[in-house]
Amino acid sequence: MTSCRLNNWDQKCEEIVNEQIQLEYWASYQYHLMWTYFDRSDVALDNIAEFFKKNAEEEREHAHKLMKYQNLRGGTVKLEGVRPVNLSFLDNVQNDVLASFEKALSMEQLVYKSLLEVHKAGEECNDPQFTDFIEGEYLEEQVSALNEISKYVTQLKRIGE
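Residues numbered from 1 in each chain as written. Predicted model: local features only at pLDDT ≥ 70, side-chain atom pairs only at ≥ 80, totals over all residues. Heavy atoms only, no water.

Participant: Whenever I open this one, a negative patch on the surface confuses me. Can you help?
Facilitator: Negative charge collects at one region of the surface, where Asp-39, Asp-46, Glu-50, Glu-57, Glu-61, Glu-140 and Glu-141 lie side by side. Broken down by secondary-structure element, the contributors of at least two residues to the negative patch are helix 2 (46-72) and helix 4 (128-159). When residues of the negative patch are assigned to their parent elements, the largest contribution, four residues, is made by helix 2. Inspection of the secondary structure puts Glu-141 in helix 4. (Patch = residues over 30% accessible without salt bridge, like charges linked within 9 Å, V, L, I, M, F, W, Y side chains within 5 Å. Areas by Shrake-Rupley, 256 points an atom, 1.4 Å probe, with all protein chains shown as cover. Salt bridge = Lys/Arg side-chain N within 4 Å of Asp/Glu carboxyl O. Lys, Arg positive; Asp, Glu negative; His and termini not counted. Charge placed at Lys NZ, Arg CZ, Asp CG, Glu CD. Helix = DSSP H or I, 4+ residues; strand = E, 2+ residues; numbered from the N terminus.)

Participant: What should I look at first to understand the pattern of salt bridges in this one?
Facilitator: Pairing is possible between side chains of opposite charge, provided their charged atoms come close. This structure, assessed with the given rule, holds six salt bridges. Between Glu-137 and Lys-65 there is a salt bridge, with its nearest N and O atoms 2.8 Å apart. Of this pair, Glu-137 sits in helix 4 while Lys-65 sits in helix 2, and the two are 72 residues apart along the sequence.

Participant: Is there a simple way to explain the packing of aromatic side chains in this structure?
Facilitator: Aromatic ring pairs are reported here in terms of the distance separating the ring centres and the angle at which the planes meet. All told, the structure shown has 13 aromatic pairs when counted by the stated rule. Seen in terms of ring centroids, Phe-101 and Tyr-152 are 5.5 Å apart; in terms of plane orientation they differ by 70 degrees. Their pairing is edge-to-face. Here Phe-101, found in helix 3 (residues 96-124), pairs with Tyr-152, found in helix 4; they are 51 residues apart in sequence, far enough to count as distant. Look at Phe-101 and you get buried, because its relative accessible area is 5%. Their ring planes at 70 degrees and their centres at 5.7 Å tell us that Phe-133 and Tyr-138 sit as a pair that is edge-to-face. Tyr-138 shares its class with Phe-133; the two are buried. Members of the aromatic cluster, connected to one another through ring pairs, are Tyr-31, Tyr-37, Phe-38, Phe-51, Phe-52, Phe-101 and Tyr-152. The ring of Tyr-138 has Lys-65 sitting right over it, with the charged end atom 5.8 Å from the ring centre. Geometry around Trp-26 places Arg-83 over its ring, the cationic atom sitting 4.5 Å from the centre. (Phe/Tyr/Trp six-rings, centres within 6.5 Å; stacked < 30°, edge-to-face > 60°. Buried < 20%, exposed > 50% of the residue type's maximum accessible area, 1.4 Å probe, protein only. Lys NZ or Arg CZ within 6 Å of the ring centre and 35° of its normal.)

Participant: I'm lost on the nonpolar core in this one. Help?
Facilitator: The nonpolar side chains of a soluble globular protein tend to be buried, and buried together. Residues Tyr-31, Phe-38, Phe-52, Phe-101, Phe-130, Ile-134 and Ile-149 are the most contacted members of the largest nonpolar core, which totals 45 residues. Sorting the residues of this core by element identifies helix 1 (11-39), helix 2, helix 3 and helix 4 as the ones contributing at least two each. Take this core: its biggest share by element is 12 residues, from helix 1. When neighbours within four sequence positions are excluded, Phe-101 is seen to be in contact with Ile-48, Phe-51, Phe-52, Ile-149, Tyr-152, Val-153 and Leu-156. (Core = buried A, V, L, I, M, F, W, Y, C linked by side-chain atoms within 4.5 Å. Contact = heavy atoms within 4.5 Å.)

Next up, the structure:
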């Protein structure tokens, strides 16, 4: 079993929740870095900067909610460092806004695929409460975020430079 004294939390679920926490923090860091780029005086796209700042805060809130859930189930939260983030996706691009929204879309797709794996782990461990939590708190919101960013990418491609 898990570190849980309540005997209601499978080790596989505990571990995958910790992995998802790490991923949510990574996405938050990447969005924060994107915010700083668009907030610079030589870029000065305040609305886009605020969009990425809002997304950074949402991803951090997702991590916090998972940490709270880990505690609720009696597991142990493990933070093992955040993967490095950078703006290398902006190297040699003509449209930094489009490139940034495409990066955001790929990040949201990665988070969504990971959430599906988290849900699958809950199913494999026969934990319907856990799968319900992931469905209710994460999957619907993630699909909406994918749709929103996908529309922005489409609009940016249509208007060009």
